[in-house]
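Structural overview for review
For reference, the chains in residue letters:
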Amino acid sequence: MRVERPVPPAVATTAGLAGRVLAAVAAVLPAVPARPVPAAGTAGALPPAPPSRPGHGAALREAQRSRPGPRTARPDAPRARRPAAPRAPGPGRPAPRSAPGRPGRGPRRAADGVRGLYLRAKRAWDRPLTAYYLILGGSLMILGLGLVMVFSASQIEALGSGLPSAYYFRKQLLAAVLGGVLLLAAARMPVALQRGLAYPLLAVSVFLLCLVQVPGIGQEVKGNQNWIQLGGPFQFQPSEFAKLALVLWGADLLARKGDRRLLNHWKHMLVPLVPVAFLLLGLIMLGRDMGTSLILAAILVGLLWLAGAPLRLFAGVLAVAGALGAALIATSGNRMARFACLGATDPGPNDQCWQAVHGIYALASGGWFGSGLGDSMEKWGQLPEPHTDFIFAVTGEELGLAGTLPVLALFAALGYAGIRVAGRTEDPFVRYAAGGVTTWITAQAVVNIGAVLGLLPIAGVPLPLFSYGGSALLPTMFAVGLLISAARSEPAAKAALAMRQPAVRKKLAGVRRKTMRRSAVRRPSGER
């Protein structure tokens, strides 16, 4: 038996209200007649679907595609969005940004680009191997350009002496090959072996400088008796090796005294460094070689500066050296004539300023881009020593300012790299040796280029790594090898090179495997 439950009063009231609302809506809306559905077989009825055949659907779709008329887009094709109209800036809406081409945006982007380029260059300049690459690349570029200019500047000199045109170039190329071997040996030489070479090299240099003064052994060339004949066309200058000996011996001496904390006393800083340097200077001045003595004095000053000598010691050493130099210059008419040619624009009486003036002529006739490689006019007998002391003048005449500025930039980069190595190393011997070599090369380049420009008296020193002369090239390349070794010994450079070694070994192993695959010969199987 079904029992009906009474409806609650709230539910009944709600249902009554809903019914009255629906009745009111139906009274307002118009009545829509219902569409009759045609019966089967009448005129309005749809035809029955034909029986499906194989391939009928594909043929029908092909016919619909070939039918002319507008095509409807596929339902799954993405709809093209209509570009939104720009909205006007309101009180709470910011103004749109200006386009890249509008004024005000270009200078800002240009400034950002320049700053980004500066930051990238600064990061590259501060890398651990920057000094290593500057020393290696800069020295090789100076050497290569020097070989080209030696070949160009020495042809007329060789032909005038009855020699083949490439005579001096072949000798310089041979010296460059031997110097390359010395450079590699010094770059791979441990610091202990470098320090071990200091005293033997100093003793040999002093012995050879004494041997130069022996009649029959020493040879006088253009007023200076500082050569020893080796036989045939080969001769060498012991004073060039004295520079290297002073650098190595002075660096070892100062490093040992620094380890014992003796450099705080001026006696230990000056003795025996200054007396031995003055001994070398005296032996060189006996051969009347003022230019090499000046470079040796610069090396001595550089070593004392690196050792932390106080200003009063510098003043004393410079005063003594200046007094001796003034006395030597005043007692020699040739040296006084060289000082008289400073800034000269005319050869003067007896053509005493002939070389200095024609060096200026060569630079002035070169202009911006020079007369062309090999087209110098001053090397045809007008300019003395065109391939040695005044090779920079021939470079300016043939290559112009565009050829001389890169040479100056390379020497500046080499000097900066040497100072950076000397300042970052932790080994005192490496610091003194790197500073001494940098002072040597930089001071000699300044003296040579200053004499060519007429700013300094002609000292008769070659341009390092650039001028002709095997006696100057061999010790200089060994000194550059010492700089490379010092650059490799920096802690950060060591870590960078250690990280690169596994990658290089992997590449070499891959090349070796590929080479082994290519060189393998397939044996015949015996079948035809």
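Residues numbered from 1 in each chain as written. Predicted model: local features only at pLDDT ≥ 70, side-chain atom pairs only at ≥ 80, totals over all residues. Heavy atoms only, no water.

Quick notes on the overall build of the protein
Assigned secondary structure in the protein consists of 20 helices and three strands. Counting all 528 residues of the protein, 37% fall into the buried class. Of the accessible surface of the protein, which amounts to about 32,600 Å², a share of 65% is contributed by carbon and sulfur atoms. (Helix = DSSP H or I, 4+ residues; strand = E, 2+ residues; numbered from the N terminus. Buried < 20%, exposed > 50% of the residue type's maximum accessible area, 1.4 Å probe, protein only. Areas by Shrake-Rupley, 256 points an atom, 1.4 Å probe, with all protein chains shown as cover.)

Notes on the side chain of D289
By secondary structure assignment, the location of D289 is in the loop between helix 11 (273–286) and helix 12 (290–306). A polar contact of 2.9 Å, which involves the side chain of D289, links it to the side chain of N226. Setting aside residues up to four positions removed in sequence, D289 forms contacts with N224, N226, Q237, S239 and I284. (Polar contact = N/O pair within 3.5 Å; in protein donor to acceptor, adjacent residues only side chain to side chain. Contact = heavy atoms within 4.5 Å.)

Quick notes on the nonpolar core
Ranked by size, the top nonpolar core spans 108 residues in total, and within it I135, L273, L304 and Y432 carry the most contacts. If you tally residues by element for this core, the top one is helix 18 (residues 428–452), at 13 residues. When sequence neighbours within four positions are dropped, the list of residues in contact with Y432 reads A251, L254, A255, L263, L303, L306 and A307. (Core = buried A, V, L, I, M, F, W, Y, C linked by side-chain atoms within 4.5 Å.)

Notes on a nonpolar patch on the surface
A surface patch of nonpolar side chains, about 570 Å² in accessible area, is lined by W368, F369, L401, L405 and L408. Relative to the elements of secondary structure, L408 occurs in helix 17 (residues 401–424). The partly exposed category is assigned to L408, whose relative accessible area is 35%. (Patch = residues over 30% accessible without salt bridge, like charges linked within 9 Å, V, L, I, M, F, W, Y side chains within 5 Å. Salt bridge = Lys/Arg side-chain N within 4 Å of Asp/Glu carboxyl O.)

Some points on the sheet that holds strand 3 (residues 234–236)
Strands belonging to one sheet form pairs held by backbone hydrogen bonds; the direction of such a pair is parallel or antiparallel. With antiparallel pairing, the three strands of this open sheet are ordered in space as 1-2-3. Unpaired on one side and paired on the other, strand 1 (218–221) and strand 3 mark the two borders of the sheet. Geometrically, the sheet is characterised by an average inter-axis angle of 50 degrees between neighbouring strands, direction not taken into account. Judged from the three bridges that link them, strand 2 (residues 224–231) and strand 3 form a sheet pairing that is antiparallel. Bridging across to strand 3, I228 finds its partner in F236. (Pairing = 2+ DSSP bridges. Axes fitted to C-alpha atoms, helices over the stretch in contact; angles between N-to-C directions.)

Concerning the packing of aromatic side chains
When we look at a pair of aromatic rings, we describe it by the centre distance and by the angle of the planes. The full count for this structure, using the stated rule, is six aromatic pairs. By way of ring pairs, the aromatic residues Y167, Y168 and Y468 are connected into one cluster. (Phe/Tyr/Trp six-rings, centres within 6.5 Å; stacked < 30°, edge-to-face > 60°.)

Thoughts on the pattern of salt bridges
For the coordinates displayed, the defined rule picks out five salt bridges. Between R288 and E220 there is a salt bridge, with the nearest N and O atoms lying 3.6 Å from each other. With R288 in the loop between helix 11 and helix 12 and E220 in strand 1, this pair connects stretches of sequence that are 68 residues apart. E240 is the salt-bridge partner of K243, the closest N and O atoms lying 3.0 Å from each other. In this pair, K243 and E240 both sit in helix 9 (residues 238–259), three residues apart, roughly one turn of the helix. With respect to burial, K243 and E240 carry one shared label: buried.

Structural notes on helix 6 (residues 167–187)
The end-to-end C-alpha distance of helix 6 is 30 Å, a good match for the 30 Å that 21 residues give at a rise of 1.5 Å each. Among the residues of helix 6, Y168, Q172, A175, A176, G179, L183, A186 and A187 are the ones counted as buried. Summarising the axial view, the buried residues of helix 6 lie within an arc of 115 degrees, below the 170-degree limit, and thus occupy one face. In helix 6, the exposed residues that point more than 90 degrees away from the buried face are R170, V181 and L184. (Expected span 1.5 Å × (residues − 1). Arc of directions from axis to C-beta.)

A few points about the pairing of strand 2
Across four bridges, the pairing between strand 1 and strand 2 is antiparallel. Following the sheet pairing, V221 is matched in strand 2 by N224. Counted along the chain from strand 1 to the antiparallel partner strand 2, the turn is two residues long, and its residue K222 has a positive phi close to 55 degrees. Where strand 2 folds back on strand 3, the antiparallel hairpin that results is connected by two residues, among which G232 adopts a positive phi of roughly 75 degrees.

Quick notes on unusual backbone geometry
Here the residue pair V271 and P272 is connected by a cis peptide bond, since its omega of 5 degrees sits within 30 degrees of zero. As for its position among the elements, P272 is in the loop between helix 10 (266–270) and helix 11. Here the phi dihedral of R288 falls at roughly 60 degrees; this positive angle occurs in a residue that is not glycine. For R288, a relative accessible area of 36% corresponds to the partly exposed category. The backbone of E385 sits at a positive phi, close to 50 degrees, despite the residue not being glycine. Summarising the element assignment, E385 is placed in the loop between helix 15 (354–366) and helix 16 (391–399).

What about the confidence of the model for the protein?
Keep in mind that low pLDDT regions are not for reading the predicted coordinates in detail. In the predicted model, the protein carries a mean pLDDT of 81, and the fraction of residues at 70 or more is 74%. Within the model, the stretch residues 69–77 combines pLDDT values under 50 with one contact to residues more than four positions away or in other chains. Residue range residues 516–528 is modelled with pLDDT below 50. Its contacts to residues more than four positions away, or to other chains, number zero contacts. (pLDDT = per-residue confidence, 0-100.)

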